[in-house]
Every structure is written in structure tokens, then in C-alpha cells.
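Spelled out, the chains give:
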Amino acid sequence: MEQTQQHPLGLYFKIWFLLFVLSALSYMVDYMHLEGMLRWSLILIFMVLKAGLIISVFMHMMWERLALIYAILLPPLAILVLVAIMALESEYTFFNRLAHFFTSA
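Rules used throughout
Every chain begins its residue count from 1, and numbering advances along the sequence as written. Confidence filtering applies because this is a predicted model: local features only for residues at pLDDT of at least 70, side-chain atom pairs given and counted only at 80 or more, and all residues used for totals across whole chains, interfaces and linings. Side-chain measures were taken over the full set of non-hydrogen atoms in the model, leaving aside hydrogen atoms and water. Strands here mean DSSP runs of E at least two residues long; helices mean DSSP runs of H or I at least four residues long; both are numbered from the N terminus. Atoms counted for the radius of gyration: C-alpha only. Globule rule: 2.2 Å times the number of residues to the power 0.38. For each residue, the accessible area found with a 1.4 Å probe, counting protein chains only, is set against the maximum for its type, and the residue is called buried under 20%, exposed over 50%, and partly exposed in between. The nonpolar core is taken to be a set of buried Ala, Val, Leu, Ile, Met, Phe, Trp, Tyr and Cys residues, with the residues joined through side-chain atoms within 4.5 Å. We call two residues contacting when some pair of their heavy atoms lies within 4.5 Å. For a helix, the expected span equals 1.5 Å multiplied by the residue count minus one. For Phe, Tyr and Trp, where Trp contributes only its six-membered ring, two rings pair if their centres lie within 6.5 Å, and the inter-plane angle classes them as stacked under 30 degrees, edge-to-face over 60, or tilted in between. Our definition puts a charge over a ring when NZ of Lys or CZ of Arg is within 6 Å of the ring centre and also within 35 degrees of the ring normal. Salt bridge criterion: a side-chain nitrogen from Lys or Arg within 4 Å of a carboxyl oxygen from Asp or Glu. For every residue, the predictor assigns a confidence score, pLDDT, that lies between 0 and 100.

Draft legend 1. Structural detail: the overall build of the protein. What the protein contains, in helices and strands, is three helices and zero strands. Ordered by position in the sequence, the α and β elements of the protein form the string α-α-α. In terms of overall dimensions, the protein is more spread out than a globule: its C-alpha atoms have a radius of gyration of 22 Å, far above the 13 Å expected for 105 residues. Structurally, the protein occupies a C-alpha span of about 80 × 40 × 10 Å along its principal axes. Across the 105 residues of the protein, 11% fall into the buried class.

Written out as C-alpha cells, the structure reads:
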């Protein structure tokens, strides 16, 4: 006879409640008319927290092996690092071109 693991329903209700609270907080950012970096920082923080809860509990990543977690989480992290490096390089190139343009004119 094969045994299956079932998680308590209370865990799912707690996660649903946390997702509801995080969603309400993200809507409050718009309702309070926050602007600039504070607005985008809060929106991104709430988005990452909600995605983490969904991935860890509803996609059962909390109970998976570490190798599988690394296989799913490390590639997006590597892409983010590479995008950040490209953004820094683009600013460096842009400012060097501006410096060259104004000195040669």
C-alpha cells in the first residue's frame, strides 16, 4: 500500500491569508498615492514575497530536495546578475561617449 503525504489544511489557509494581506498591502501602495522609488520598492517587495509563498507552498518547493531548488532558483538569479552587469556597462559606455562627444566638438 502506497502512502501519500498530506499537508494540513491550516497551512494552506495561513498562506492564503498571508497572500490576501500582501495583496491588500500592494493595493494600499496605490491607494496611498505613493510615488517614486518607495512605490516601486514596495510593489516589488510584495510581489517577490507573494511569489515566494506560492512557489514554496503551493508548488511544494518547501519539501523538495536542495538540488531541485537550486536548479529552479539559480538560473533566474544568474540572469538578474547578468542584466545588472549589462546595465552598469551600458551606463559606463554612455558616459564615455558623452565625454568623447563633448571633448571632440
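Draft legend 2. How the structure looks around the nonpolar core. The biggest cluster of nonpolar side chains holds eight residues, and these are Y12, I15, L19, L22, V29, F46, L53 and V57. Here the element with the most residues in this core is helix α1 (residues 9–31); it accounts for five residues. Beyond its immediate stretch of four places on either side in the chain, V29 contacts L34, R39, L42, I43 and F46.

Draft legend 3. Spatial organisation of α1. Taking 1.5 Å per residue, 23 residues should reach 33 Å; α1 reaches 33 Å between its end C-alpha atoms and fits that length. Restricting attention to buried positions, one finds in α1 the residues Y12, I15, L19, L22, S26 and V29. Next to the buried residues of α1 lie α2 (36–58). Remark: H33 follows α1 within two positions and exhibits a positive phi of approximately 55°.

Draft legend 4. Representation of the environment of R65 in the model. Turning to its location among the elements, R65 is positioned in the loop between α2 and α3 (66–104). Under the relative-accessibility criterion, R65 is labelled exposed at 71%. For the pair R65 and L19, spaced 46 residues apart in the sequence, the C-alpha separation amounts to 25 Å.

Draft legend 5. Focus on the packing of aromatic side chains. Tallying each qualifying case throughout the model produces four aromatic pairs. One aromatic cluster is present, formed by Y12, F13, W16 and F58 through successive ring pairs. If you follow R39 out to its NZ or CZ, it ends over the ring of W40, 5.1 Å from the centre.

Draft legend 6. Local environment of the pattern of salt bridges. The final tally for this structure, using the stated rule, is one salt bridge. Its salt-bridge partner being D30, residue R39 comes within 2.8 Å of it at the nearest N-O pair. You can call D30 partly exposed: its relative accessible area is 36%.

Draft legend 7. The side chain of S26, seen in detail. Structurally, S26 is set in helix α1. Given a relative accessible area of 15%, S26 falls into the buried group. The residues touching S26, leaving out its near neighbours within four places in the chain, are F46 and K50.

Draft legend 8. Quick look at the confidence of the model for the protein. Scored by pLDDT, the protein has a mean of 87; 94% of the residues are at 70 or more. Looking across the protein, the model is least confident in α3, with a mean pLDDT of 86, and most confident in α1, with 93.

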